[in-house]
Amino acid sequence: MLLWLSCLFWQREQRLGPAGRIADGVVYAMVGVLALACYGVVELLPMPPAVQDGSLITRPQDLLAALFFLLALLAYLRKGHWRVYHFDHWLVLSLIIGFMGQALFMATSSELFDAMFDGAHLLKIASYLCVLIGLLFSMHRLYKESLVRQELVFKNTILATQQELSREAILVVNGHEKIISYNRNFIDLWGISQSVMDTGSEADALRLAVAQMQDPQADLARIQSVYQHKTEKSSEEVTLKDGRIIDLYSAPMLGTDGTYYGRVWYFRDITERRLEERRVQDERNFSDKLIASLPGTFCVLDTSGKYIRWNDRQKELLGLSDAQMASSHAIDFVDAADRPRIMQHIQQTLEHGSATAETRVTGLRGPRDYTFSTMRINMSSGDYVIAVGSDITLRKQAEREVQTLQELLREQAIRDPLTGLYNRRYLDETIGRELIRARRSGHEMGIIMCDIDFFKRVNDTWGHLAGDEVLKAFAALLSRNARGSDIVCRYGGEEFLLLLADIQPNLAYQLAYQRAENLRIALEAMSIAFGDTAIRVTASFGVAKFPEHGTTQDELVQAADSAMYLAKTGGRNRVVIASTPAAPALPA
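To start, this report covers the structure provided alongside it. This one's a predicted model, so the numbers in the text were calculated from it and none came from an experiment. (Residues numbered from 1 in each chain as written. Predicted model: local features only at pLDDT ≥ 70, side-chain atom pairs only at ≥ 80, totals over all residues. Heavy atoms only, no water.)

Points about the overall build of the protein chain
Part 1 of the reasoning: Within the protein chain, the regular secondary structure consists of 19 helices and 17 strands.
Part 2 of the reasoning: Scaling as 2.2 N^0.38, a compact globule of 588 residues should have a C-alpha radius of gyration of about 25 Å, whereas the protein chain reaches 63 Å, well beyond that.
Part 3 of the reasoning: When its C-alpha atoms are laid out on the principal axes, the protein chain stretches across 195 × 60 × 45 Å.
Part 4 of the reasoning: By the burial criterion, 38% of the 588 residues in the protein chain qualify as buried.
Part 5 of the reasoning: Of the contacts made within the protein chain by residues no fewer than 6 positions apart, 52% connect residues no fewer than 24 positions apart. (Helix = DSSP H or I, 4+ residues; strand = E, 2+ residues; numbered from the N terminus. Rg over C-alpha atoms; globule rule 2.2 N^0.38 Å. Buried < 20%, exposed > 50% of the residue type's maximum accessible area, 1.4 Å probe, protein only. Contact = heavy atoms within 4.5 Å.)

See below:
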C-alpha cells in the first residue's frame, strides 16, 4: 500500500509541480496511521479462517495483498523510472516476484509449510533481496551524486569567485532568457538595483541598460538580433549618453551535443582606453604631418640599417614604393666606398646617441650628396636610429668648383702664363725644401741658368709675337729634357732655370753640364716656325752645384748666373761651370 501510495504522490507532484509536493511530516504520519490500522485490524477484528478447504483459492485473503502488489507494480511501470534508475528497476522486479508469490503461491496454499506456502515465502525472500540490491545500487548512486554535487559546488564556487574577481561586468542568462548569474561589476556598471536583478527578469535589466545608450533603438535591435542567432558570438561597442564607451561581448553556452543553454554577456568600460588610443593617434598624426613637412629626408632604421619608417621625400629620393622600402636597407643605396664608414657611423650612433655624416646616395635621380644627422631612440622593441638628411649636392658642386678654381688660381700663381713653366714664385717656394732634402740625404743638386742669345734682336726683327713663339719653343725643349724630379721655371724675360734634384754624390757636375750641353746643341739645331719664317736662336748656359757653389738659394742662383754671364761675354752659345777654388776639369 505504501509503494502504491508513493506512486500516487509522485504523480500528484508531477501534475501540480512544487505545490503538489506532500510534506515529509504528512508522509510520516500516514505511514504511522497505516501501520496502526493494520495492527488494529489484525488484533481487534475477527479474522476469517486461514484456509478455505475445498476451494480453488484456499487463502482468498492473500489476494488483497496481491492486489496492492499489482497496483504498486502498475504504478511504477507507468512511472517509467525503472528504465533509468537501478533502484526502481529492482523494485519493479521485487513487486513482480511479490505479486507472483501472493497471487499464485500463497493464495493457493492449503496448509502451513506445504510446497505452495514454502514457495511463496521463498519468493518473498527473493523480493526482499531485490529490494536490498536496489537499495545498494541506490546508495551507490546517491554516493556518486553526492561526489558530483560536491565537485559541482566546488566548481560553482570557483566560477563565482572568478566572476566576482573579473574586471568585466558579467551577466549569465539561461535558455529562457532568465538571469541565473551576475557579478557586482554588472550592477556598478549599469546602475541597476539589486531588487531588479533578484527578479531574474533579463527583459527588465535589458530595458534599463538600453535606456542609457545613445541610440537605444538601434542598440536594442542589435541585441535582439544576437538572441535570434543563438549559436553565434557577438562583439560590438556602444556609446552611452554620459559619454562612456562600453565593449559588449557575448557567447552562447552550448552543450557537447549542441544544445543551447543560454548566453554569457561580458561588458567592459573602455572609455579610458579609447581616449588613450585617440590621444596616441592624434600624436601619430601630428608626428606624421611634422615628418612630412620636413624639408629633407627622414627615416627610422633598425640596428642592421633596415628601413622601419620613412617620409615621402626619402621614398622619392630612392624611387621606391612602400613595399620596396620595407624590404630595403639604407646601406644598399650608399656609395660602395662609403659603406664601411656609414655602418661605423650607425654603430657610433647606437653607442653614443648621435652622430653626423656626409655620403653620396644613389637614387632615382642618380648620385646625390647628402648630410645625415642621426640619433638613437630606445623603444620596448629595441634600439633604432632616426636619420634626417639634407641634399647638399649643389653645395658640394659649389665647393668642388671653388676648389677647382682655387687650384687653377694657385696653378696660375705658380705658372708662367706664356710658357706654362713654373714661375720664379714657385721656385722661391720650392728650392728651400729641396736644399733641406739634399742636406738630409747627402745628395747633390745642380742648377742651370740659361738665357736666349740676342733675344732683343728677335723681337726687333720679327716682333714680340715671334719672340713669344721662341720662348714657348725653348720652354717645351726644356720640359722634354727634364726628369720627374727636376724643376723647370722661367726665371724672368728670356732667362730660364733648371733645378736638378736628388743627384748622387760626385755626379752633379757631369750630369748638369751634360744636360746643359745637350740643350744648347738641341736649341742650336732647332728651327722655330713663325708664319712663313724659320727662326733660329742659341742660348748661353751657366752651371752651379750644391754645396760647392753655395748652400742657399741666393748663393747658388748667383753662382749659376755669374757662370752664364761668363758664357755670354765669352762668345755666347756655350756652357760655363761656375768657378770654385777646387773646380774639377771640364769633361772632354
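Picking up where we left off.
With respect to unusual backbone geometry
Part 1 of the reasoning: Geometrically, the link from F546 to P547 is a cis peptide bond, its omega value of 10 degrees lying close to zero.
Part 2 of the reasoning: Examined against the element boundaries, P547 turns out to sit in the loop between β16 (539-546) and α19 (553-569).
Part 3 of the reasoning: Backbone geometry at E177 places phi at a positive 60 degrees, although glycine is not the residue there.
Part 4 of the reasoning: Relative to the helices and strands, E177 is located in the loop between β1 (169-174) and β2 (179-182).
Part 5 of the reasoning: Its identity as a non-glycine residue notwithstanding, D502 has a phi of 55 degrees, on the positive side.
Part 6 of the reasoning: Summarising the element assignment, D502 is placed in strand β13 (residues 495-503).

Some thoughts on the sheet that holds strand β8 (residues 354-363)
Part 1 of the reasoning: Strand order across the open sheet formed by five strands is β7-β6-β10-β9-β8, with antiparallel pairing between neighbours. The sheet terminates laterally at β7 (307-310) and β8, the two strands that pair on one side only. With direction set aside, neighbouring strand axes in the sheet form an average angle of 30 degrees.
Part 2 of the reasoning: Sheet topology places β8 next to strand β9 (residues 366-379); ten bridges connect them, and they run antiparallel. Across the sheet, the residue bridging to S354 is M375, located in β9. (Pairing = 2+ DSSP bridges. Axes fitted to C-alpha atoms, helices over the stretch in contact; angles between N-to-C directions.)

Here we look at a negative patch on the surface
Part 1 of the reasoning: Together, D428, E429, D554 and E555 line one region of the surface with negative charge.
Part 2 of the reasoning: When residues of the negative patch are traced back to their parent elements, those giving at least two are α15 (424-441) and α19.
Part 3 of the reasoning: Tracing the backbone shows E555 in helix α19.
Part 4 of the reasoning: Looking at E555, the relative accessible area reads 39%, which means it is partly exposed. (Patch = residues over 30% accessible without salt bridge, like charges linked within 9 Å, V, L, I, M, F, W, Y side chains within 5 Å. Areas by Shrake-Rupley, 256 points an atom, 1.4 Å probe, with all protein chains shown as cover. Salt bridge = Lys/Arg side-chain N within 4 Å of Asp/Glu carboxyl O. Lys, Arg positive; Asp, Glu negative; His and termini not counted. Charge placed at Lys NZ, Arg CZ, Asp CG, Glu CD.)

Quick look at the packing of helix α17 (residues 464-480) against helix α18 (residues 508-525)
Part 1 of the reasoning: The contact between α17 and α18 brings their axes to 11 Å, and the two run at 140 degrees. In terms of their interaxial angle, α17 and α18 are classed as oblique. The hand of the α17/α18 crossing is right-handed. Residues F474, L477 and L478 of α17 touch α18, and the partners they reach there are L519, A522 and L523. (Parallel < 35°, antiparallel > 145°, perpendicular 65-115°, else oblique. Left-handed = near helix turned anticlockwise from the far one by under 90°.)

Quick notes on the state of the cysteines
Part 1 of the reasoning: If you walk through the whole model with that rule in mind, you get zero disulfides.
Part 2 of the reasoning: Here C450 stays free of any disulfide, with the sulfur of C489 as its closest cysteine sulfur at 9.1 Å.
Part 3 of the reasoning: You can call C450 buried: its relative accessible area is 0%. (Disulfide = S-S within 2.5 Å.)

Let's talk about the packing of aromatic side chains
Part 1 of the reasoning: For the structure on display, the rule yields eight aromatic pairs.
Part 2 of the reasoning: Their ring planes at 55 degrees and their centres at 5.6 Å tell us that F186 and F267 sit as a pair that is tilted. Remark: F267 occurs in strand β5 (residues 260-269) and F186 occurs in helix α6 (residues 184-190); sequence separation between them is 81 residues.
Part 3 of the reasoning: Of the residues examined, F186 reaches a relative accessible area of 2% and is grouped as buried.
Part 4 of the reasoning: Between W265 and F267, the ring centres sit 6.1 Å apart and the planes meet at 15 degrees, which makes this aromatic pair stacked. Exposure class is identical for W265 and F267. Each is buried.
Part 5 of the reasoning: An aromatic cluster of at least three residues, connected via ring pairs, comprises F186, W190, Y227, W265 and F267. (Phe/Tyr/Trp six-rings, centres within 6.5 Å; stacked < 30°, edge-to-face > 60°.)

A closer look at helix α14 (residues 393-414)
Part 1 of the reasoning: Under the 1.5 Å per step criterion, the end-to-end length of α14 is 31 Å for 22 residues, consistent within 8% with the ideal 32 Å.
Part 2 of the reasoning: The complete set of buried residues in α14 reads T393, K396 and I414. Down the axis of α14, the smallest arc covering the buried residues is 90 degrees, so these residues share one side. Seen from the open side of α14, the exposed residues pointing more than 90 degrees away from its buried face are L394, E401 and Q406.
Part 3 of the reasoning: Of the surrounding secondary structure, the elements contacted by the buried residues of α14 are β8, β9, β10 (382-391) and α15. (Expected span 1.5 Å × (residues − 1). Arc of directions from axis to C-beta.)

Quick look at the sheet that holds β13
Within a sheet, each strand pairs with its neighbour through backbone hydrogen bonds, oriented either parallel or antiparallel.
Part 1 of the reasoning: Read across the sheet, five strands follow the order β12-β13-β11-β16-β17 without closing on themselves; strand pairing throughout is mixed. Two strands bound the open sheet, and with one partner strand each, they are β12 (487-492) and β17 (575-577). Here the strands of the sheet are splayed against their neighbours by 20 degrees on average, with no regard to which way each runs.
Part 2 of the reasoning: As judged from the five bridges shared by β12 and β13, these two strands associate in the antiparallel manner. What sits directly across from V488, in β13, is L498.
Part 3 of the reasoning: α18 contacts β11 (444-452), β13, β16 and β17 of the sheet and is inclined by roughly 165 degrees relative to β16.
Part 4 of the reasoning: Contacts from α19 reach β11, β12, β13, β16 and β17 within the one sheet, and its direction differs from that of β16 by about 145 degrees.

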